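# Summary of the model geometry
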Amino acid sequence: MSVLKYDVFLSFRGEDTRDNFTSHLHKELCRKNIKIFIVYGLERGDEISQALYKAIEESTIYVVILSEHYASSSWCLDELTEILKFKERYGRQVIPVFYKVDPSNVRHQRQSYADDLVKHHQRFGGKVDTWKASLTQVAGLSGWDSQATRPESTLVTEIVKDISKKLNNCFLSDPEGITGIDMHIEQIQSLLCLELPTVCIIGIWGMGGIGKTTIANAIFEILATQFSSKSLIRNVKQEIERVGLSHVKNEYLSQLLNERIASSESNSYDQRLKRTKGLIVFDDVKDADQLKDLIGTHRKFGQGSRIIMTSRDRQVLENANADEIYQVREMDYQDSLQLFCLLAFKQNHPIESFASLTEKVLDYAKGLPLALKVLGSLLYGRTKEAWKSELQKLEKLPDLKIFRLLKLSYDGLDDEQKDIFLDIACFHRGELEKDVALTLNSCGFFAYIGMDVLKDRCLISISDDTIWMHDLIQEMGHEIVRLQGVNDPGKRSRLWKYEDVYDVISKNKGTDEIQCIFCDIMEIKKEVPLLVHAETFRNMNNLRMIQFRRNIFDDHREQLNLLKKWTISAYNYREELNLDDFLCPFLESLPDGLKLLHWDCFPQRSFPLDFCSKNPVSLVMRCSDLEQLWEGNQAIPNLKRLNLSHSKKLIRVPDLSMSPNIEEVSLSGCASLTQVNSSSFLT
């Protein structure tokens, strides 16, 4: 099937209607921005050209104007026969208009239709029977009768309304690239309240690649015929950066008022704008103040005007005084399957031998239209081996097109918001919001406002008090960190994969770039233990968080034993592990800037002698070998959380009266604890 290039194909006999009814209909369709194919003012030959056959194939709706002598033209009759073939083949709409003829005369070929067909017999023979069948068929379709709908201006108006409605339905049923879009359009139209005379501003909000622009474009195309003026500005922020705010403002005013407006004149058109019922779409808005400069207030526009804005940032839409905000969510399984298959197989279901590979692609894309489109186009026509290769590649590296588009949301964050996002992407997805906030605040961030911004930009979501993010958003965060040191994990700000943690810690390759280290004990391999050297952390001056953890209440004794081998102690483990002489027997230092330390099964009897106690906000040392934190008493002024639970060798804790900010203390299961120096913290 060819691509549909025209909204309407007009079939008519020029001598009957070219200068009256057809010209009026053509003008009104053009005014409604409906794209028409019409052979207008040209001499016709005896046979339809191949170009005209192609135009019929590439049209969405056919309007057949059956005038008194329509049947006298063999050209018209051939057109009609071809039109009905495409109606049968693709289910396209045919609208007959009975212009000053009785529909029954067309259906039964009486009066002028009978006379004209008789004249064709001598020249065209049996072809006339095909034409008769076509006339009978088209006359049986629901259409318009000029004798029933008067005056002619009303007839033209009603026909254009009918065409617009049918085009809308055709648009919604066209699956190429917009599968499932009808649901979004229906809900947004209900928010627009088109029946009300007030001015309404609607925001369309969602993550990058979710389909906001596609939906906004579809709404614009569907509603354009209902507005006397309309304007669509794509990539608003990019256009403002490219040509300036005033130029973009003049552009949309020029579109609305249908004339070229110079920058110095724009304010003088305000009164005309107030009398105009306009439809305006601003796509990809990123700055509410710029948007306010563009559109002003509701009162600037005429009654019934509708303004639609798309943005990745909910707060931008709120600040721009949107009356309603519609969130675009991921596609469901069926729509995802159909969209991908249309691109990958050119049909709405997978080829049987590719079914399992298709499922893997859908699982990767997680309902994101951008990913489905990119991968569907990439994999079209390729072998199963190529599909498998691409899926294996995606396990290690994201698709570059998808990564770049998703990263635009990250690029708009400030430095602290970027840190919060990367921490969540690397460490905290699936954790309780309050626990994540506690951790982030411990690192010196302003967690709640930061997470609110991430929510507004669709980078995270909260469900059942738990933080979530789309798989591809998380993958984007991981890739940002990987690119900080493509071949050297020691240059990355965050380490969470066991292979990278092992490479940096066991090989003593720490650097100032490292901010956070997280390692899950369950990933430690017995044959490749994680060996912590005495000076492992000495060069990590910007390290603010260390987490070596697992759920210690699960019964995994083997993993707990392995965890105790992380810090190498010569007198306990040298012989067992056959260590080289250069391995140091005791952890000598921890970074001065360390704010959060979570080290389950910490294997030493106390912290390093030079440990700086001024900065820690949270110390969690469950199931440790600690007997005490350090010799004597040190003030820990910023400490809020101390958890030494199930540390069975623990004898004493520091004087917590010297920790005025303490909020939580857990000493449960510390069977050897005999001394607590102060109870003043127990308020």
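Look up a bit, the structure's there.
Residue positions are given per chain, counting from 1 as you read along its sequence in written order. In keeping with the model being predicted, local features are shown solely for residues with a pLDDT of at least 70 and side-chain atom pairs are shown and tallied solely at 80 or more, while totals for entire chains, interfaces and linings include all residues. With hydrogens and water set aside, each side-chain value is computed from the structure's full complement of heavy atoms.

## What to know about the pattern of salt bridges
- Any Lys or Arg side-chain nitrogen found within 4 Å of a carboxyl oxygen on Asp or Glu counts as a salt bridge. Applying the stated rule across the entire model yields 35 salt bridges.
- In this structure, the salt-bridge partner of Asp 471 is Lys 366, at a minimum N-O distance of 2.9 Å. Linking Asp 471 in helix H24 (residues 471–484) with Lys 366 in the loop between helix H17 (355–365) and helix H18 (369–379), this pair joins segments that are 105 residues apart in sequence.
- The network of salt bridges with shared partners includes Asp 363, Lys 366, Arg 429 and Asp 471. Helix and strand assignments follow DSSP, with helices taken as H or I runs no shorter than four residues and strands as E runs no shorter than two, numbered in order from the N terminus.

## A look at the sheet that holds strand E17 (residues 618–620)
- When DSSP finds two or more bridges between two strands, those strands count as paired. Spatial strand order, E13-E14-E15-E16-E17-E18-E20: seven strands in an open sheet with parallel pairing. What marks the edges here is a single partner per strand, and that holds for strand E13 (494–495) and strand E20 (664–666).
- Inspection of the sheet shows strand E18 (residues 641–643) paired to E20 by three bridges, in the parallel sense. The residue of E20 that forms the bridge with Leu 642 is Val 665.

## Describing the sheet that holds strand E2 (residues 36–37)
- Taken in spatial order, the five strands line up as E2-E1-E3-E4-E5 in an open sheet, and their pairing is parallel. At either margin of the open sheet sits one strand with a lone partner, and together these are E2 and strand E5 (144–145).

## Re the packing of helix H4 (residues 74–90) against helix H7 (residues 127–139)
- Running from N to C, H4 and H7 point in directions that differ by 65°, and their axes come no closer than 9 Å. Judged by the sense of rotation from one axis to the other, the crossing of H4 with H7 is left-handed. Listed contacts from H7 to Ser 74, Leu 77, Asp 78, Leu 80, Thr 81 and Leu 84 of H4 are Lys 127, Thr 130, Trp 131, Ser 134, Leu 135, Gln 137 and Val 138.
- When residues are sorted by character, Ala, Val, Leu, Ile, Met, Phe, Trp, Tyr, Cys and Pro go into the nonpolar class, Asp, Glu, Lys and Arg into the charged class, and all the rest, Gly among them, into the polar class. Its residues assigned to classes, the contact of H4 with H7 shows six nonpolar, five polar and two charged. Axis lines are fitted to C-alpha atoms, over the contacting stretch for helices. Their N-to-C directions set the angle, which ranges from 0 to 180 degrees. Here a crossing is taken to be left-handed if its near helix is turned anticlockwise relative to the far helix by less than a right angle, and right-handed if that turn runs clockwise. Contact criterion: two residues are considered in contact whenever any of their non-hydrogen atoms come within 4.5 Å of each other.

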